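The primary structure of each chain is shown beneath.
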Amino acid sequence: MFKVLNRNLRYLFILNTAFGFSVQLVTPLFPLFLSNLGATASENAWVISLGGLVATTLMLPAGLFMDRLGKRNLLLSSLVVNSVIMFMMANAQTWQQVLPLFIIYSSSGALFMPARMAMITDNSTPDTRASVFGIMNSSWPLAGVVSTLISGYLIQTSGWRQVFLVGSAINAISILPSLRIEKQEVQRDSTGGGFRELFRGDTAPVLLTFFVYGILLTTAMGGINLIIPLYLVSRFSLNAQQVALFFTAQNLLSLVTQIPSGKIAERFGMKRTVITLIAMIPFLYASWHFVGDWKVMLVINTIAFGLWSMTWPATLTLLSRSVPDELTGAAFGVNITGNRLGFTLGPLIASYFYTNYSQTSPFLVSGAICLVAVLVAFKLKNTANESSE
C-alpha cells in the first residue's frame, strides 16, 4: 500500500499525522473552551470566523509563492507558529485574549495545507495520484481517532491548559520529520506571473467552479462543526468526552474509507465519484432537525462526514488534472481559499439561526446549502480520460 510513497511522502505522512493530532486536540471541542471562558454562541462564532477570515486571506498568496519560498519552509513555519501559539493559549484567561492567538493559530494552516497538497502532487504520478491522496489523507483521521478522545479525557480530568500544552509539544517534536524531507529545486518560473495566469484561457472558469463548490460544502460543514458541541451540551447535557465521540467516530470512518476511496475514484471516475458520494449529505443533515436521540445523531453525523471525506482524493486529483502543471500550487491555493472562506461563513450563519430561530434550524440550513453544492458539482470539469468514457 505504501509502496507508492517515496521518501518525501513517507516523512510528510508522519508530519501530517503529528500536525493533525495537535490540531484535532483543540479544534473540534474549541467552542466548549470559548464557552467556558464566557463566550456566547455569537461571540464563539465571531472568534472562529475571524480566525478563518485571516487564514483565508493567506491561502492564495501561500499557494502562489510556495515554490519561490520552498514547500518545506512553509511546513516548518507552520509547525513553529502552531507550537508557540498553543503554548500561549494555555495561559489565556478570557475569550478576548484568545481571539488574536486563535487568528494566528488558524493562519498557520494557510502555510501548511497548500504546501502539503503541492508536495503530494510533485511526488506522485497522474495515474496514481488519487490513491496517493487517499493514503496521505488517511493520516488526518488516523490522528483524529486518538486525539479527540485524549482531548475529551484531558478536559474532564485536567482542564484545557493540558490540552494546549500537549498540542504544543507534539508540534515541536514534529519539526524533526519535517527536516528529513528533502529540499526540492525551487521553480521560480512557476510563480512568475502566476496570479495573472489564473485568469487566462479556460483556467478561470474551472477554478471558479471548484471555488464555489468548496465554499458551499465547507459553509455547511463549518456551521455544523460550531453547533454540534453547543447543541449536544445544551440539548442532551453531554460532557466533553461524550461530545468527543462525534469527532472520533467520523475520523474512524474516514480512516477506513480514505485509501479505498482513492481507488474507487480511479476506477469509476473522479467527477462521478464526487457527485454520487455527496448526493445524500443534504438529507442526512436536514434529518437532524427531526431526531431527538443523540446516539442516532452520532450515526448520521458519522455517515455524512464519511461520505464527504471520501470525495477528498477525487476532488484534489480532479483539480490537479484540470489546470496546467505550473499552476497546480496556485490552483490549490484558490481551492483552499474557498474552503477556508466557507469555514469562516458557516459559523456566522449557523450561530445566527441557532440564536434567533430554533436550535435545530442550522441543520436545515446546512442541508439546503449542501443541496446547492450537489448541483454545482455537476459543473466540475471532467478529465480527458473521463470525458472519453
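Everything that follows concerns the structure shown earlier in this document.
Along each chain, numbering runs from 1 in the same order as the chain's sequence is written. Since the coordinates come from a predicted model, pLDDT governs what is reported: local features require at least 70, and pairs of side-chain atoms require 80 or more to be given and counted, while whole-chain, interface and lining totals use all residues. Each side-chain value is worked out from all heavy atoms of the structure, with water and hydrogens disregarded.

## Examining the packing of helix α7 (residues 139–157) against helix α12 (residues 240–268)
Point 1. As a packed pair, α7 and α12 sit with axes 7 Å apart at the nearest point and diverge in direction by 170°. It follows from the interaxial angle that α7 and α12 lie roughly antiparallel. Residues Trp 140, Pro 141, Leu 142, Gly 144, Val 145, Thr 148, Leu 149, Gly 152, Tyr 153, Ile 155 and Gln 156 of α7 pack against Ala 240, Gln 241, Ala 244, Leu 245, Phe 247, Thr 248, Asn 251, Leu 252, Ser 254, Leu 255 and Gln 258 of α12.
Point 2. All residues other than Ala, Val, Leu, Ile, Met, Phe, Trp, Tyr, Cys, Pro, Asp, Glu, Lys and Arg, Gly among them, are scored as polar; the first ten of these are nonpolar and the last four charged. Of the residues belonging to the contact of α7 with α12, the class tally is 13 nonpolar, nine polar and no charged. Axis lines are fitted to C-alpha atoms, over the contacting stretch for helices. Their N-to-C directions set the angle, which ranges from 0 to 180 degrees. By the criteria applied, helices consist of DSSP H or I runs no shorter than four residues and strands consist of E runs no shorter than two, each listed in order from the N terminus. Comment on the angle field: the value is read as roughly parallel under 35 degrees, roughly antiparallel over 145, roughly perpendicular from 65 to 115, and oblique elsewhere. Two residues qualify as a contact provided that any one of their heavy atoms is within 4.5 Å of a heavy atom in the partner residue.

## Considering a nonpolar patch on the surface
Point 1. To count toward a patch, a residue needs a relative accessible area above 30% and no salt bridge. Like charges then connect within 9 Å, nonpolar side chains (Val, Leu, Ile, Met, Phe, Trp, Tyr) within 5 Å. Residue-level accessible areas treat just the shown protein chains as cover; the underlying method is Shrake-Rupley with a 1.4 Å probe. Basic side-chain nitrogens of Lys or Arg form a salt bridge, by our definition, when they fall within 4 Å of a carboxyl oxygen of Asp or Glu. A grouping of Val 80, Val 84, Phe 87 and Met 88 is seen on the molecular surface, where their side chains present a nonpolar patch of about 350 Å² in accessible area.
Point 2. Considering the arrangement of structural elements, one finds Val 80 in helix α4 (residues 71–89).
Point 3. With a relative accessible area of 42%, Val 80 lands in the partly exposed category. The cut-offs for exposure are 20% and 50% of the maximum accessible area for each residue type, with area from a 1.4 Å probe on protein chains only; residues under the lower value are buried, those over the upper are exposed, and the others partly exposed.

## Some thoughts on α12
The α-helix winds at 3.6 residues per turn, so residues separated by three or four positions along the chain end up facing the same way.
Point 1. Taking 1.5 Å of rise per residue, the 29 residues of α12 would be expected to cover 42 Å, and the 40 Å separating its terminal C-alpha atoms lies within 8% of that figure.
Point 2. At Gln 258, α12 shows its maximal bend, which comes to roughly 40°, and the proline Pro 260 appears one to four places after that position.
Point 3. Counting of polar contacts relies on pairs of N or O atoms within 3.5 Å, with two restrictions inside protein: one atom must be capable of donating a hydrogen and the other of accepting it, and residues adjacent in sequence are counted only when both atoms are side-chain atoms. At the N-terminal end of α12, a side-chain oxygen is found 3.1 Å from the backbone nitrogen of Gln 241, two or three residues along, and the residue is Asn 239.
Point 4. Positive backbone phi, at 105°, marks Gly 269, one or two positions downstream of α12. For a helix, the expected span equals 1.5 Å multiplied by the number of residues minus one. Two axes define the bend at a residue: one fitted to the seven residues ending there, one fitted to the seven starting there, and the bend is the angle between them.

## Quick notes on the nonpolar core
Nonpolar side chains in soluble globular proteins tend to be buried together.
Point 1. Counting residues in each nonpolar core, the largest one holds 119 residues, and the members touching the most others are Leu 12, Phe 30, Leu 34, Leu 232 and Phe 246.
Point 2. Counting residues per element, this core draws most heavily on helix α11 (residues 203–236), which supplies 17 residues.
Point 3. Among all residues touching Leu 12, those that are not within four sequence positions of it are Leu 75, Arg 116, Met 119, Ile 120, Met 136 and Ile 181. Grouping buried Ala, Val, Leu, Ile, Met, Phe, Trp, Tyr and Cys residues that are joined through side-chain atoms within 4.5 Å yields what is termed a nonpolar core.

## Some details on the packing of aromatic side chains
Point 1. Aromatic rings from Phe, Tyr and Trp, taking only the six-membered ring of Trp, are treated as a pair when their centres fall within 6.5 Å; an angle between ring planes under 30 degrees marks them as stacked, one over 60 as edge-to-face, and anything in between as tilted. This structure, assessed with the given rule, holds 17 aromatic pairs.
Point 2. With a centroid separation of 5.0 Å and an interplanar angle of 70°, the aromatic rings of Phe 33 and Phe 164 are classed as edge-to-face. In this pair, Phe 33 is assigned in helix α2 (residues 30–36) and Phe 164 in helix α8 (residues 160–173), connecting sequence segments 131 residues apart.
Point 3. Taking the relative accessible area as the measure of exposure, Phe 33 reaches 5% and is therefore buried.
Point 4. Look at Phe 164 and you get buried, because its relative accessible area is 1%.
Point 5. Among the aromatic residues, ring-to-ring pairing joins Phe 30, Phe 33, Phe 102, Tyr 105, Trp 160 and Phe 164 into one connected group.

## Some details on the packing of α12 against helix α16 (residues 312–322)
Point 1. Contact geometry of α12 with α16 gives a least axis separation of 8 Å together with a crossing angle of 45°. The angle between α12 and α16 falls in the class oblique. On α16, the residues that touch Gln 258, Ser 261, Gly 262 and Ala 265 of α12 are Trp 312, Pro 313 and Ala 314.
Point 2. The residue makeup of the contact of α12 with α16, split by class, is four nonpolar, three polar and no charged.

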